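Structural characterization, general
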Amino acid sequence: MKEKWVLAGLLAAAVGIMTGCSGGEGQNNKDSNEAETTKGRYVEGECSLPDEIGRIMDLAGTGGQNVRMVTDTGVYDSADGGRSWQACSEISEEKARKITGGISCAAVSSTGDIAAVYMDGQNANVEILTSDRESGPVEVGQAVITSVMFSGEKDVAAVDVEENIMMVDMAADTSVNIIPADDGQRTGIACIGEQILVQSVNSAQLYDKKGSSLQTDEVLISLVKENKQQPGISGARNSLIASQPDGKGLFYCSRKGLYSYRLGGTTAEQLIDGSMTSIGSPKLYFTGMAAKEDGSVLVSYMDGNGKPLLKNYVYSESADTVQGKELTVYSLYDDPVLRQAVTMYNSNNADSYAHLVIGTDGSGAVTGDDAVKTLNTEILAGKGPDVLILDGLPIDTYIENGMLADMEEILNDIEDTDGLFENVAGVYEADGRICAVPTRFLVPVVAGRSEIVEQIIDLKTMGEQISRIREHNTDAGSAVGMLDGMLLEKLFHISAGAWIRADGTLDEAKLREFLQEAKEIQDGQIKDADKAQVEAINNYWDGLDTFLEVLAPFSDLQMGRKELAYVELGSVYNLNQLLAAQNGNKIVYKTATGQTENTFIPKSIAGINTRSGRQPEAEQFIKMLLGADVQSMTSIDRELGFPVNRAAFDKTTDNPHSEEQGGGMAAEAAGESVSGNQGEDLPEWPEKSEYSEFISILEKLDNPSVTDDVIKKIVIESGTAYLKEEKGQDEASEKIKSQISIYLAE
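So, here's what we can say about the structure. (Residues numbered from 1 in each chain as written. Predicted model: local features only at pLDDT ≥ 70, side-chain atom pairs only at ≥ 80, totals over all residues. Heavy atoms only, no water.)

On to the pairing of strand β19 (residues 257–262), then. For β19, the tally of buried residues reaches five of six residues, placing the bulk of the element in the interior. Bridging between strand β18 (residues 249–254) and β19 involves six bridges; their strand directions are antiparallel. Counterpart to Cys-253 in the pairing with β19 is Leu-258. Joining the antiparallel neighbours β18 and β19 is a turn of two residues. The pairing of β19 with strand β20 (residues 268–273) spans five bridges and is antiparallel. Looking at β20, one finds that Ser-260 is bridged to Glu-269. What sits between the antiparallel neighbours β19 and β20 is a turn of five residues, in which Gly-264 has the positive phi angle 85°. (Buried < 20%, exposed > 50% of the residue type's maximum accessible area, 1.4 Å probe, protein only. Helix = DSSP H or I, 4+ residues; strand = E, 2+ residues; numbered from the N terminus. Pairing = 2+ DSSP bridges.)

This is the structure:
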């Protein structure tokens, strides 16, 4: 049996199952190789679960088709690979009562042992619950343990809420903190045999059981980095690792898919493309994974309402390797909503599938500039993608050269069914054709006391108000609180449209004005500030994700720590925080005006390649991307942007804490994002009528910010040197003009 699962993995690799290698050459000559159908790929199947289960804590393959699963209602065994379940007979009644009485987390080993954590008064205890190896409890102190896992066969690793990692020696009745918490935003911790893999947002490291760093496994570390995650929510995992049955390899599962890695090998093979199955769905949360000896894998999930799900992934020699016609979707940057749309499309279409291509890999190995040049070369050669997500790309150039198909009929259909913010959706109109559609958008907002906010009508008056605030407030972060490149990026969004003309030329006078006003805004913030105050402004943003970058200034307004805030608002939760700050605090807000008015920041801008050989499929994908099902998930608790679909926007303002909405993961996710404690620090959910002022603002937005990242990078690089007085205004302006002119002429 052990040979069989190895063979399944090798077959999957041999036929190139969904490895992301089908893009590039031949993308627009779609039918050239479809006559020859190859066979063999992993397919997804649903497994039933006992009705009483509320939450799956962990599961593991224990040999052959045997699987053990620990849940909030007890321990269950399956002898047929997860198709049916029976209550485990190896747990004593006393131990079973501890499980149903409320353990916080648990782990299952490959031998079927169960380690569980429960509270005894104020102390956390770790205990082995299986009858043939009962041991413990071992007290680990007054820590809140969030996860446990077996390290080898004898010991248990425990992780607390602060992300300290402890090694619990069950035989010796001791626990030792071996890897202290750091500020690296850990996203996952897993045991691989007796090694511990610690994953952070941008890195990964292996440790031994004593907490010493080990020689890096470059292949494994590269795999983890390529699948980098953000900090997760309570009760769920960002990625999963399960040892392969022979102990010489592992399965790694992330949103991008399922991978097989033989320890010490030279490569990790992708067995499943996440976008083709539930693995890639951002609406489902990983809770566990079990490997079986026939090469199949079980993955357990929790949906948005906290309901457990179990899926089986098994290699099928008879299934077509490729699921029908390929529709290539290109995005310069990764995007969770786009991945959800790709997954939904693939789930709903048997005769075609969407293949997502990300231009940059997130590691910096491929820059945005390089990715754009490669994309443009492929488009001109007739080998470009079918659907383009145009964020960061030269949209105006694509429109001028007739590279984007008309999407007016798609918008008309969505308007008839759900309604649209038409002022936003139709902003990329040229010669009576809708060439591109922002599916989401951010709103630049200034907020503060009315006597300050009402005076801000452009960059000059913004600088004047900041200087006035600093005259009576010694805190350099009291107004805006952004410097250098971060400040320039925000001001670029509300200004660049004034100095980049429709014909591609640059208005140098407007550019010089932009640099001068940005310098006055920066100098106004740090006037009479010492070095420590300037460092405090820069350090303010360290460690904050995009959601908290918006939330924090509103909290500071509410607490009186800041008098003027500038944010790019893109989620209902942070909109609620703004409304809460407004109530009873004499706080007002309006759209930020720089050198342009009524400006919004378009996100996930969709277009169809006019040279695509998949026009009907591309239109179907765009229609789904704009539909209420996909759009309604865009603004839960992350700054992904407000949906352009009106019905979806209305749905995102529904109170997820209400009994009608069922609470569940949506509410839990919000609380976790803010403070790590469910529901803590969240404002009272507004009544529907309280959104009317903001909706009236949305209806007036008609000026998209410049989205070309190459131009933005040029401006920020030389502009920052000017703000820091490393270059004069003339030198900075001339360099920006020269570089942009060269770029636009290419």
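We now examine the packing of aromatic side chains. Evaluated as defined, the whole model comprises 14 aromatic pairs. With a centroid separation of 5.8 Å and an interplanar angle of 65°, the aromatic rings of Tyr-345 and Phe-621 are classed as edge-to-face. Of the two residues, Tyr-345 is situated in helix α4 (residues 336–348) and Phe-621 in helix α16 (residues 615–626); the sequence distance between them amounts to 276 residues. What makes Tyr-345 buried here is its relative accessible area of 0%. Here Phe-621 falls in the buried class, since its relative accessible area comes to 0%. Residues Tyr-573 and Trp-685 carry aromatic rings whose centres are separated by 5.1 Å and whose planes lie at 85° to one another, so their mutual orientation is edge-to-face. In this pair, Tyr-573 sits in helix α15 (residues 572–582) while Trp-685 sits in the loop between α19 (664–675) and α20 (692–698), placing the two residues 112 residues apart along the sequence. With a relative accessible area of 11%, Trp-685 lands in the buried category. Between Arg-255 and the ring centre of Phe-286, over which it is positioned, the NZ or CZ distance is 4.5 Å. (Phe/Tyr/Trp six-rings, centres within 6.5 Å; stacked < 30°, edge-to-face > 60°. Lys NZ or Arg CZ within 6 Å of the ring centre and 35° of its normal.)

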